[in-house]
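# Structure assessment
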Amino acid sequence: MEQANTLCHDGKSKGGVLAYLERLETGVNRSGKQREELQSAQAVGNALATKIRKLRCLRDKLRAEVKQRQARVKASTTSVDPDQTVEISEQEVLERKQKNVKAILQAYRFTGLSGKLTSRGVCVCINTAFEGNLLDSYFVDLVIKKPLQIYHHSVPVFIPLEDIAAKYLQTDIQHFLFSLCEYLNAYSGRKYQADQLQSDFAAFLAGPLQRNSLCNLLSFTYKVDPRGQAFPFCARLLYKDLTVTLPTDVTVTYQGTEVLSTSWEEQRAAHEILFCTKPLHQVFASFAKKGETLDMSLFS
Amino acid sequence: MDETIAEFIKRTILKIPMTEMTTILKAWDFLSENQLQTVNFRQRKESVVQHLVELCEENNASLNDAALLDIIYTQLHRHRKIWDVFQMSKGPGEDVDLFDMKQFKSSFKKVLQRALKNVTVSFRDAEENAVWIRIAWGTQYTKPNQYRPTYVVYYSQTPYAFTSLSTLKSNIPLLGQALTIASKHHEIVKMDLRSRYLDSLKAIVFKQYNQNFETHNSTTPLQERSLGLHVNMDSRIIHENAMEKERVQRVTQETFGDHPQPQLEFAQYKLETKFRNGSILAEREEPLRCLIKFSSPHLLEALKSLAPAALSRIPKLFCSSGSCSQGTHAPKSWQKDLYHLYFPLLPDSPRC
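Quick look at the structure, then. Every residue gets a number counted from 1 within its own chain, in the order that chain's sequence is written. Just so you know, chain letters begin at A and ligand numbers begin at 1, following the order they were written in. Since the coordinates come from a predicted model, pLDDT governs what is reported: local features require at least 70, and pairs of side-chain atoms require 80 or more to be given and counted, while whole-chain, interface and lining totals use all residues. Based on all heavy atoms of the structure, the side-chain values leave hydrogens and waters out of the count.

With that out of the way, let us pick up helix α2 (residues 18-28) of chain B. Residues and elements named next belong to chain B. For α2, every residue scored as buried is listed here: Met21, Ile24, Leu25 and Trp28. For α2, the arc enclosing every buried residue in end-on projection is 100 degrees, short of the 170-degree limit, so these residues lie on one face. Among the exposed residues of α2, those oriented more than 90 degrees off its buried face are Thr19, Thr23 and Lys26. Should any heavy atoms of two residues lie within 4.5 Å, those residues are considered in contact. Helix numbering and strand numbering both begin at the N terminus, where a helix is a DSSP run of H or I of at least 4 residues and a strand a DSSP run of E of at least 2. Looking at the buried residues of α2, the elements they touch are α1 (3-15), α3 (33-37), α4 (45-58) and α5 (63-76). Exposed residues in this analysis have more than 50% of their type's maximum accessible area, buried residues have under 20%, and partly exposed residues fall in between, with area computed by a 1.4 Å probe over protein chains only. By definition, the arc is the one covered by directions from the helix axis to the C-beta atoms.

Next comes the structure, spelled out in structure tokens:
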């Protein structure tokens, strides 16, 4: 604008026409740009409009389809008696519930102590386990009357059932059942360990495994290396407490006339501790593993 | 090898039927494979026996080896003997029994040998926790008689010993003493239980019969288990007393269980009874005492089949060795003389 003013005041044509033409040019350029912008905006707008139209079309189609399907479903359900559907589903629900409860009752045995009401009282089932292995089951059939009686049972004769019953059956039945569970689980565990030793690790034994009914005294001769490089050790495991699965006393001896070298003496002492702290079959499994690593070292 | 031992081995092998010969000899493990292969088992038995005795001579068989052969034969032919059951008891509050089989054997032998110089004691381990003991008895002046031995089967840490006696009564207390001392018990009593079937006695005494317990896991419902006499249930015939029949079946099933019964051949029990009204004897003050005897090749199965076989008034009573010792009912003094059995009795009948 200043230019325009200077033009008017000076009256000279120095910047007059050219400046005016320049101005006109920039104006045209500006409006051209504006027109371009407007055009592009319009194009975008048109594109969006078509998109909107397309989407609207799709939406209408889907709506129509949904309506069709709903109509079909309604048509099929209205053909069935509405009352019956309600009944069937109730019955189904009850059956399913009953199945569920039955399954839970059956699965209860995995807790180790379960029972079933009988006409006389209750039949208690003790399922023993050791290290996650389900072992034998034992039953005690109780008659509920005063005094509480054991009608019959499948507990082995060497488990002191009468003693436990004399102590707790009349006064504290929970204590009775838990105590019996303890004894039976411990017995099963000890038996399992002895059986495992005889079956899986027979190669390590240099003679038969001496055991008794309660599996609370085990005596055997073994070699750490079954292929004969090792000295034979005699182990004697005593379980003075009938409710435990690890021995209370362990003696490992060497039945020979030679004096043991210090390394073998250390091994002997170490084995005594091993038998006290780990289950029997695991001790022998560790011997087997050591043997394997020794083998591997031979190859390397 | 001693003449007497040779004779003993010969007589023992002669008892063995040819079909079992190789099994028993292998179990004996005294003659080697090579030696056994030299024997022609198709000959006449006398020749086979002769050859075997010669082989035993070669291996210098001892009395103990011969005794072992006798034990193996008896183990296989256990039903040829009649077995009694002895029950031992401990004092209250004893320490945990750490049963050591070696200690038991040496203690048993010592007791017998200290009392009787002339006695042969041999052992053979069986199953996991049992031992068969063979005892040949002599006297102060005579050698042990190998042909009338006593057998004892003992399961460790149990109070029961099964014996086949066949010896002088005078030796029985000594046997009892040896058993109690070796197994660390205090007293021993002969039970009123006797049978040819050692396994049945075992089942009764260790209560391994009727392992029928109700659980949620039982797959066959009780009604389906029939006793084999539900024949010809024609729907057109309405069975009278169907309820009663069902009750009888249920009681029988509860009492006897599903599995085969232990095999008992005879049972007897003393009964005190009063006659019912209507006869002269009913007025008698004192009850009548009687002795009732049952005998059968398989007594318990026979009783079990009585119930559904229309003897529907067979009622229920049972005494078993287990329940008496558990104190489920206080045993009367002469109840201890009962042979242990279970069978149904009339509810309004004489009390046992």
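Having seen it, we continue.
All right, on to the side chain of A:Asn212 then. Here A:Asn212 shows up in the loop between α5 (173-200) and β5 (217-223). A:Asn212 gets classed as buried once you look at its relative accessible area, which sits at 2%. Two N or O atoms count as a polar contact when they lie within 3.5 Å, although within protein this holds only if one can serve as hydrogen donor and the other as acceptor, and sequence-adjacent residues are included solely when both atoms are side-chain atoms. A polar side-chain atom of A:Asn212 sits 2.9 Å from the main-chain amide nitrogen of A:Cys215. One polar contact links the side chain of A:Asn212 to the main-chain carbonyl oxygen of B:Phe99, over a distance of 2.9 Å. When residues no more than four places from it in sequence are discounted, the contact partners of A:Asn212 are A:Leu217, B:Leu98, B:Phe99, B:Asn129, B:Ser156 and B:Gln157.

With that settled, consider the interface of chain A and chain B. By a frequent convention, interface size equals the accessible area lost on bringing the separate parts together. In this complex, chain A contributes 33 residues to the contact, which on the side of chain B involves 31 residues. Buried area: the accessible area, evaluated with a 1.4 Å probe, that two parts lose upon being put together, summed over both parts. Buried area between chain A and chain B, both sides added, is near 2900 Å², and the carbon and sulfur share of it is 52%. If you sort the residues of chain A by the area they bury against chain B, A:Lys116, A:His152 and A:Val157 come out on top, with a joint share of 18%. When a carboxyl oxygen of Asp or Glu lies within 4 Å of a side-chain nitrogen of Lys or Arg, that pair is called a salt bridge. At the junction of chain A with chain B, the criterion picks out one salt bridge. Between A:Arg236 and B:Asp100 there is a salt bridge whose closest N-O contact spans 2.8 Å. At the junction of chain A with chain B, the criterion picks out eight residue pairs in polar contact (both at pLDDT 80 or more). Elements represented by at least two residues in the side of chain A that touches chain B include exactly α3 (82-107), β1 (113-117), β3 (133-143), β4 (149-153) and β6 (232-238) of chain A. With five residues, the top contributor of residues to the side of chain A that touches chain B is β4(A).

Residues and elements named next belong to chain A. At a minimum axis separation of 8 Å, helix α4 (residues 161-169) and α5 run at an interaxial angle of 155 degrees. Taken as axis vectors, α4 and α5 run roughly antiparallel relative to one another. Where α4 crosses over α5, the handedness of that crossing is right-handed. In this structure, α4 contributes Leu161, Ile164, Ala165, Tyr168 and Leu169 to the contact, and α5 contributes Ile173, His175, Phe176, Ser179, Leu180 and Tyr183. A per-class count over the contact of α4 with α5 returns nine nonpolar, two polar and no charged. Interaxial angle, 0 to 180 degrees, is taken between N-to-C directions of lines fitted to C-alpha atoms, where a helix line uses only the stretch in contact. Should an angle fall under 35 degrees it is taken as roughly parallel, and over 145 as roughly antiparallel, whereas 65 to 115 is taken as roughly perpendicular and any remaining angle as oblique. Crossings are sorted by hand: turned counterclockwise from the far helix by less than a right angle, the near helix makes the crossing left-handed, and turned clockwise it makes it right-handed. Basically, the charged four are Asp, Glu, Lys and Arg, the nonpolar ten are Ala, Val, Leu, Ile, Met, Phe, Trp, Tyr, Cys and Pro, and anything else, Gly included, counts as polar.

Everything listed is a geometric property; what it means functionally is a separate question.
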